[in-house]
Amino acid sequence: MQNLNGPLSCPNKFRTKARCVLNALVLLLATILPAHAKGDIVAPQINYSNEASFPISVGTQMLYVEDPSHTLSTEQVLSGNNIAWQPIQKASPNFGFTESAFWFRFDLVNQTASEAEVYLELPIPVLDNIKLYRFSEGAVLEKHYVGDERPFPERPINHQAFVMPFQLGPGTNQFVLRIESAGTVEAPLSVWSPKSFLVSDGNERLLQGLWFGVMGIMVLYNLFLLALLRDVSYLHYIGFTFSYLMFQGALKGYGFAYIWPEQLAWNSFAISVFIAASNLFALMFVSSFLDLAGHSRKVFKLISFIAGLSVLIFALTFILPYGITVRVNSAMSMVTCIVAATLG
């Protein structure tokens with residue numbers, strides 16, 4: 001008697017192998033398609049344990065969605081309804097200069113049997129607005145709002161980068177991150193234990209302190225030379241060294257952390273201002289040190305023209321958006337370096 005107990009049954013010669021394979025495929029599709037129709041998403045998982053090697057890089061182990069119109073709400077993203085999450089196909093989570101906001105999703109799996117305190121670090125101090133949520137079933141459990149458009153004292157941890165503490169429950173912990181910025185949108189997240197972060201940060205600050213100290217000594221030394229020799233070239237060199245020192249301080253977040261923590265407007269264009277000033281003083285130093293006015297009037301006029309452009313760009317940094325001025329200043333820096341090296 002023919003057995004018709006199920007779609008995968010093949011009891012006799014009348015059920016061919018082809019029919020069995022076809023029925024199996026139909027059953028498989030019937031199982032898979034409803035899950036996709038519901039929008040179920042499996043987020044990348046990063047394991048955390050006390051024995052891990054820190055920092056644990058999240059990197060590209062995230063899903064993302066671009067929000068060009070800035071219309072996605074936190075509730076929509078946390079629920080996952082109608083969100084077209086995509087894997088990051090790049091070597092790093094860097095989306096360049098863009099006016100879009102970006103949402104990222106990932107899971108941290110706490111492999112210990114108890115709660116674990118962790119630090120999530122975004123080491124890009126110039127990001128404008130950052131929102132990071134730990135959630136479960138659409139409900140926010142912990143959150144941090146940071147960015148260089150918020151006063152520095154509001155940060156959960158007093159640090160020039162963005163360091164956010166979270167409590168991981170045992171098992172899977174879901175996270176969503178939102179970033180928008182007038183500059184580049186980057187999300188090189190790292191996970192630290194508090195102890196490992198303090199050790200690494202202490203070493204990093206020592207190296208940074210040595211570098212800033214050497215640059216500061218160079219400024220003071222050349223001030224003495226200027227006072228003794230009365231050579232205007234030293235004044236230009238001091239201007240360049242100080243501007244470059246302040247540019248690095250602003251870029252790495254130390255300026256906002258220690259010099260102007262409440263000056264949000266100034267912080268928004270400080271990097272562009274110091275790049276423009278560095279270019280201007282570098283060109284002035286080259287012109288005076290090489291005595292271009294006495295050796296070649298044509299080259300002197302060329303350098304003066306480029307320096308005039310630098311002055312104009314310097315003034316525009318206070319007017320135009322940061323995303324425009326920082327790119328123009330970066331292009332001008334390349335021109336300045338090529339011209340200075342060639343003339344030298």
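In case you missed it, the structure is sitting above this.
The present account deals with the structure reproduced in this document. The model shown is predicted, which means the values in this text are computed figures rather than measured ones.

1. Quick word on the pattern of salt bridges
Point 1. Inspection of every chain in the model, using the stated rule, returns three salt bridges.
Point 2. Put simply, Glu180 and Arg178 hold a salt bridge, and the shortest N to O gap is 2.9 Å.
Point 3. Relative accessible area serves as the criterion here: at 21%, Glu180 is assigned to the partly exposed category.
Point 4. Residues Asp201 and Arg205 are paired through a salt bridge, measuring 2.8 Å at the closest nitrogen-oxygen approach. Residue Asp201 and its partner Arg205 are located together in helix H3 (residues 194-229), separated by four residues, close to a single helical turn.

2. Observations concerning a nonpolar patch on the surface
Point 1. Together, Phe318, Ile319, Leu320, Ile324 and Val328 line one region of the surface with nonpolar side chains, adding up to about 440 Å² of accessible area.
Point 2. Turning to its location among the elements, Phe318 is positioned in the loop between helix H8 (297-316) and helix H9 (322-343).

3. Some remarks on the environment of Thr74
Point 1. Along the chain, Thr74 turns up in helix H2 (residues 74-79).
Point 2. Remark: the alpha-carbon pair of Thr74 and Val140, spanning 66 residues in sequence, is separated by 9.6 Å.
Point 3. Leave out the neighbours within four places in its chain, and Thr74 touches Trp103 and Tyr133.
Point 4. Among the polar contacts made by the side chain of Thr74, one reaches the side chain of Tyr133 at a distance of 3.2 Å.

4. With respect to the layout of surface pockets
Empty space among the atoms becomes visible once a probe the size of a water molecule is rolled across them.
Point 1. A volume near 300 Å³ is recorded for the largest pocket.
Point 2. Along the walls of the largest pocket sit 14 residues, with Glu121, Pro123, His159, Gln160 and Glu204 positioned nearest its centre.
Point 3. When residues in the lining of the largest pocket are grouped by element, the largest group, five residues, is from H3.
Point 4. A class-by-class count of the residues in the lining of the largest pocket yields six nonpolar, four polar and four charged.
Point 5. Of the pockets and cavities examined, the second largest pocket occupies roughly 220 Å³.

5. Some remarks on the environment of Ser79
Point 1. Inspection of the secondary structure assignment puts Ser79 in helix H2.
Point 2. As a C-alpha pair, Ser79 and Ser136 span 57 residues in sequence and 9.5 Å in three-dimensional space.
Point 3. Separated by 2.8 Å, the side chain of Ser79 and the backbone oxygen of Gln76 make a polar contact.

Analysis parameters
Residues numbered from 1 in each chain as written. Predicted model: local features only at pLDDT ≥ 70, side-chain atom pairs only at ≥ 80, totals over all residues. Heavy atoms only, no water. Salt bridge = Lys/Arg side-chain N within 4 Å of Asp/Glu carboxyl O. Buried < 20%, exposed > 50% of the residue type's maximum accessible area, 1.4 Å probe, protein only. Helix = DSSP H or I, 4+ residues; strand = E, 2+ residues; numbered from the N terminus. Patch = residues over 30% accessible without salt bridge, like charges linked within 9 Å, V, L, I, M, F, W, Y side chains within 5 Å. Areas by Shrake-Rupley, 256 points an atom, 1.4 Å probe, with all protein chains shown as cover. Contact = heavy atoms within 4.5 Å. Polar contact = N/O pair within 3.5 Å; in protein donor to acceptor, adjacent residues only side chain to side chain. 1 Å grid on protein atoms, 1.4 Å probe; cavity = no way out; pocket = protein on both sides within 12 Å on 5 of 7 lines; lining within 4 Å. Points joined across faces, edges and corners; volume = space filled by probe spheres on them. Nonpolar A, V, L, I, M, F, W, Y, C, P; charged D, E, K, R; others polar.

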